Amino acid sequence: MNLSRKQFLSLSGTTVLGFSFFNALSGTGAAAPLIKSTIGNGKMKIDIKTKKLILEHTWTISRNSSNFKNNVFVRIERDGIVGFGEAAPNVRYGENAELTTQKIKNAEQVLRENNLFHFVNIKDALDSAILKQSCAKAALDIALMDWIGKALNVPLYKYYGLNTADAPLTSFSIGIDTPEVIKEKVREAAPYPLLKVKVGKPNDEEIIGAVRSVTDKPIRVDANEGWKTKEEALERILWLKSQGVEFIEQPMPSDMIEETAWVRERAGIPIVADEAVKTAADIPKLAKAYDGINIKLMKSGGIQEAVRMIGMAKSLGMKIMLGCMIESSVAISAAAHLTPFVDWADLDGNLLIKNDPFHGVKVDKGRFVFNDKPGLGVEGDF
Ligand code: MG
């Protein structure tokens, strides 16, 4: 049976995803569409669970230290199709597992009340329902897009028209520590060709010295807002540049845009925004101070906003990194599917924990290894 595009769209009950799905079918000689109009509207089951993720090493950045993270997991099920999502609450943004769980509970009605194929409408409704705790929104949006990928039987990267051969290598992060422990961490990171090193405390030179004493790999540096004046930031950056550092992430506090612009003019290496950028609306004002942005699903509130940010940053000629918090393979896989869109990847959150409850996109010598399972392609213990 061959259907016209119009007939197909009315059968699938959507104009939003009809386009890419129809294109995927045409040219393959495929017969009837696979989606019944009733799918997406069935009874909804939503489960929420907090899981304690244990870190391999104490994780220290310029702000704080931790040995574990409590992340909040979401499982949605409708019409026999399951979607997984994850929130990694971050103290920098006033988030914690209890508040995040509450936000998810308050907003889950949005998914219950809508046909899941109307995921653009659902995103708009979640943007209104969840104003803080953006990681709660991320958990629901990730679960939703996993469900959509499974309902369409396509991996997420295919849904977005991406070629996984374009995915950049991921860096592996080295937290702040004593020189001896840093050397050990760098040796343990032997399989990863790129390192991201946390600095921003008074011992930056000692840390970089320890890294450089055991490796000459390319390194990227993240100060996590640690340098408080433009003169200090510039001095540190010029020294780091002399040590072969590729770029600097968030040198100064997020609200110091003018000072960061001053540093950027003199630095001679790219400056990337992280804490200064959460959603697409933040990007235009940063273009004068930063060469690129670090998009994280927990800040953006999920996959759909991350894709919007990618479009916004590209339109402004900015470089793009996809980064993460300490996350399991659920959220890491979600971000990994978008990496063919971007210049740099820093998606190692699941590699820093001992007890990842899920498995999905893997990393081999820094390269993402995608499976061809639909949606996020993740499986594990909810
Ligand atoms: Mg960062």
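Shown above is the structure to which this text applies.
Residues numbered from 1 in each chain as written. Predicted model: local features only at pLDDT ≥ 70, side-chain atom pairs only at ≥ 80, totals over all residues. Heavy atoms only, no water.

Draft legend 1. A look at the coordination of the magnesium ion. Asp-222 (OD), Glu-249 (OE) and Asp-274 (OD) make up the full set of protein donors to the magnesium ion, lying at 2.1 to 2.2 Å. The sequence pattern describing where the donors of the magnesium ion fall on their chain is D-x26-E-x24-D. Here Glu-249 lies in strand β7 (residues 245-249) and Asp-222 lies in strand β6 (residues 219-222), a separation of 27 residues in the sequence. Comparing Asp-222 with Glu-249, the two get one shared label, buried. (Donors = N, O, S within 2.8 Å, 3.2 Å for Na, K, Ca; no water. Helix = DSSP H or I, 4+ residues; strand = E, 2+ residues; numbered from the N terminus. Buried < 20%, exposed > 50% of the residue type's maximum accessible area, 1.4 Å probe, protein only.)

Draft legend 2. How the structure looks around the nonpolar core. Ile-76, Leu-111, Ile-142, Trp-227, Ile-248, Ile-293 and Ile-303 are the most contacted members of the largest nonpolar core, which totals 121 residues. Counting residues per element, this core draws most heavily on helix α5 (residues 134-152), which supplies 13 residues. Both of domain 2 (45-154) and domain 3 (158-380) provide at least three residues apiece to this core. Not counting residues up to four positions away in its chain, the partners in contact with Ile-293 are Val-272, Ala-273, Val-277, Ile-283, Met-309, Ala-313, Met-318, Lys-319, Ile-320 and Met-321. (Core = buried A, V, L, I, M, F, W, Y, C linked by side-chain atoms within 4.5 Å. Domains from an automatic or database assignment. Contact = heavy atoms within 4.5 Å.)

Draft legend 3. Quick peek at the packing of aromatic side chains. Counting across every chain of the model gives 11 aromatic pairs. Ring geometry for Phe-73 and Phe-358: centres 5.7 Å apart, planes at 20 degrees, overall stacked. Placement of the pair is Phe-73 in strand β2 (residues 65-78) and Phe-358 in strand β12 (residues 358-359), with a sequence separation of 285 residues. Each member of the pair, Phe-73 as well as Phe-358, is classed as buried. Centroid distance Phe-247 to Trp-344: 4.3 Å. Interplanar angle 35 degrees. Geometry classified as tilted. Of this pair, Phe-247 sits in strand β7 while Trp-344 sits in strand β11 (residues 344-345), and the two are 97 residues apart along the sequence. Trp-344 shares its class with Phe-247; the two are buried. One Lys or Arg, Lys-52, reaches over the ring of Phe-68 and ends 4.2 Å from the middle of that ring. One Lys or Arg, Lys-230, reaches over the ring of Trp-262 and ends 5.1 Å from the middle of that ring. (Phe/Tyr/Trp six-rings, centres within 6.5 Å; stacked < 30°, edge-to-face > 60°. Lys NZ or Arg CZ within 6 Å of the ring centre and 35° of its normal.)

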